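Understanding the architecture of this molecule
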Amino acid sequence: MIKPLSLAALLVAAAACAPRMEPVRPIYRNGQVVPRTSDATVDDARLDGEARRRDARVQADASAEAALAQCTAATCDALTRGELAVGMTRDQVFAATGTTPAAWEERAGGRMTTLSALDGVRVGDAVAPVAMVTLEDGRVRSYAYREPQGLRLVASPADAGARGTARARAAALLRDGDELALAGRFTAALDRYDRADVVDIDNPETTIRIARALDKLLRPREAEIRYQLFLHQMNLETIRAQGEAYAHLGAAIVEARERLIVLERGR
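Scope of this entry: the structure provided in the associated data block. All of these numbers come straight from a predicted model, not from anything done at the bench.

What counts as what
Residues numbered from 1 in each chain as written. Predicted model: local features only at pLDDT ≥ 70, side-chain atom pairs only at ≥ 80, totals over all residues. Heavy atoms only, no water. Pairing = 2+ DSSP bridges. Helix = DSSP H or I, 4+ residues; strand = E, 2+ residues; numbered from the N terminus. Axes fitted to C-alpha atoms, helices over the stretch in contact; angles between N-to-C directions. Contact = heavy atoms within 4.5 Å. Buried < 20%, exposed > 50% of the residue type's maximum accessible area, 1.4 Å probe, protein only. Polar contact = N/O pair within 3.5 Å; in protein donor to acceptor, adjacent residues only side chain to side chain. Arc of directions from axis to C-beta. Left-handed = near helix turned anticlockwise from the far one by under 90°. Nonpolar A, V, L, I, M, F, W, Y, C, P; charged D, E, K, R; others polar. Parallel < 35°, antiparallel > 145°, perpendicular 65-115°, else oblique. Core = buried A, V, L, I, M, F, W, Y, C linked by side-chain atoms within 4.5 Å. Salt bridge = Lys/Arg side-chain N within 4 Å of Asp/Glu carboxyl O.

1. Description of the sheet that holds strand S2 (residues 112-117)
One open sheet accounts for 5 strands, arranged S1-S2-S3-S4-S5; its pairing is antiparallel. Of all strands in the sheet, those with a lone pairing partner are strand S1 (104-109) and strand S5 (150-154), marking the two edges. For this sheet the average axis-to-axis angle between neighbouring strands, irrespective of direction, equals 15°. Sheet topology places S2 next to strand S3 (residues 130-136); 5 bridges connect them, and they run antiparallel. Across the sheet, the residue bridging to Ser116 is Met132, located in S3. Relative to S1, helix H4 (residues 90-97) is tilted by about 160°, and along the sheet it contacts S1, S2, S3 and strand S4 (139-147).

Next up, the structure:
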């Protein structure tokens with residue numbers, strides 16, 4: 001049994017070995033106001049951001065004013081729609097895309113200037129996101145859109161707008177279909193051709209491909225109708241109206257006529 005005196009001595013010794021706690025000292029005095037450093041930083045950032053946006057708007061307005069002052073009938077129409085167009089000036093490019101030079105990486109050499117959209121910056125017009133614009137002697141020579149099937153180059157008025165977009169998408173589907181047909185996968189190829197026919201209607205290049213695929217799939221009645229439609233699309237009046245646009249399909253006309261004779265005899 002531990003004597004009371006010995007227990008008291010042990011407690012005193014243990015207290016002596018314990019770490020000593022420093023008294024808590026107040027960081028601020030009672031009633032003192034804590035500086036609002038974080039709020040001040042946020043306010044400064046907000047004001048800086050507003051100033052930058054204000055400067056960007058002023059620059060954009062100046063570009064738009066210069067763009068409208070220099071536009072022709074075609075470029076004025078494109079600006080009204082918010083679209084790029086071949087022949088635009090540098091300021092008109094900024095106006096059509098609603099951007100400033102800060103959104104582009106500019107590279108100039110001789111008569112050519114290339115504007116490339118900066119990474120992480122959303123640059124586009126009313127049609128699609130824009131990857132780059134090439135100017136020659138200060139006027140747009142071509143531009144490229146970013147689309148699901150890849151980059152689409154616009155180098156003439158015929159390539160622009162909704163019609164140009166439809167033709168480009170149909171062409172991509174036709175290429176896919178041609179690769180499938182070469183591999184003997186005519187059902188899959190026909191699917192691509194049918195989709196191209198929906199995107200770009202009344203295109204004889206699509207019609208002849210559909211006819212060939214149906215012919216290979218032993219669907220003679222449908223193939224016959226498509227061959228007849230192709231010949232109707234390629235009649236002499238159409239060829240004269242289109243000029244040389246479909247001159248390369250001359251062999252396909254002969255092919256369609258021959259296949260129609262064979263299919264009609266097989267009925």
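Further notes follow.
2. Brief notes about the environment of Thr97
Following the sequence through the fold, Thr97 ends up in helix H4. The class of Thr97 is buried, set by a relative accessible area of 9%. Ignoring any residue separated from it by four or fewer positions in sequence, one finds Thr97 in contact with Leu84, Trp104, Val123, Gly124 and Asp125. A distance of 3.4 Å separates the side chain of Thr97 from the backbone oxygen of Phe94, its partner in a polar contact.

3. With respect to helix H3 (residues 73-81)
Each α-helix winds once per 3.6 residues, and so residues spaced three or four apart point in a common direction. Regarding H3, the residues found buried are Thr75, Ala78 and Leu79. Taken around the axis of H3, the buried residues stretch over an arc of 100°, which confines them to a single face. Facing away from the buried surface of H3 by more than 90 degrees, the exposed residues are Ala73 and Thr80. Gly82 lies just past H3 and shows a positive phi near 75°.

4. Let's talk about the packing of helix H8 (residues 220-233) against helix H10 (residues 250-265)
Relative orientation of the contacting elements H8 and H10 amounts to 145°, with a least axis distance of 9 Å. Both H8 and H10 take part in a crossing whose hand is left-handed. In this structure, H8 uses Pro220, Ala223, Glu224, Tyr227, Gln228, Phe230 and Leu231 to contact H10, whose residues at the interface are Ala252, Ile253, Glu255, Ala256, Arg257, Arg259, Leu260, Leu263 and Glu264. Here the residues of the contact of H8 with H10 sort into 10 nonpolar, 1 polar and 5 charged.

5. What to know about the packing of helix H6 (residues 186-199) against helix H7 (residues 204-216)
Their axes nearest at 9 Å, the elements H6 and H7 cross at an angle of 155°. Comparing the axis directions of H6 and H7 gives the class roughly antiparallel. In the crossing of H6 with H7, the sense of the turn from one axis to the other is left-handed. In contact with Phe186, Leu190, Tyr193, Asp194, Ala196 and Asp197 of H6, H7 contributes Thr206, Arg209, Ile210, Ala213, Leu214 and Lys216. Partitioning the contact of H6 with H7 into residue classes produces 7 nonpolar, 1 polar and 4 charged.

6. Observations regarding the environment of Ala95
Along the chain, Ala95 turns up in helix H4. For the pair Ala95 and Asp125, spaced 30 residues apart in sequence, the C-alpha to C-alpha distance is 9.4 Å.

7. Concerning the nonpolar core
Tyr193, Ile208, Tyr227 and Phe230 are the most contacted members of the largest nonpolar core, which totals 25 residues. Those elements giving two or more residues to this core turn out to be helix H5 (161-182), H6, H7, H8 and H10. Dropping the residues within four chain positions of it, Tyr227 is found in contact with Ile208, Ala211, Arg212, Asp215, Glu255, Ala256, Arg259, Leu260 and Leu263. The next biggest cluster of nonpolar side chains, apart from the first, holds 22 residues, and it includes Phe94, Ala103, Val130 and Leu135.

8. A look at the pattern of salt bridges
What the rule picks out here adds up to 15 salt bridges. A salt bridge links Asp197 to Arg226; its shortest N-O distance comes to 3.4 Å. Of this pair, Asp197 sits in helix H6 while Arg226 is found in helix H8, placing the two residues 29 residues apart along the sequence. Its relative accessible area of 18% is what places Asp197 among the buried residues. For Arg212, the salt bridge identified is with Glu255, shortest N-O distance 2.8 Å. Remark: Glu255 occurs in helix H10 and Arg212 occurs in helix H7; sequence separation between them is 43 residues.

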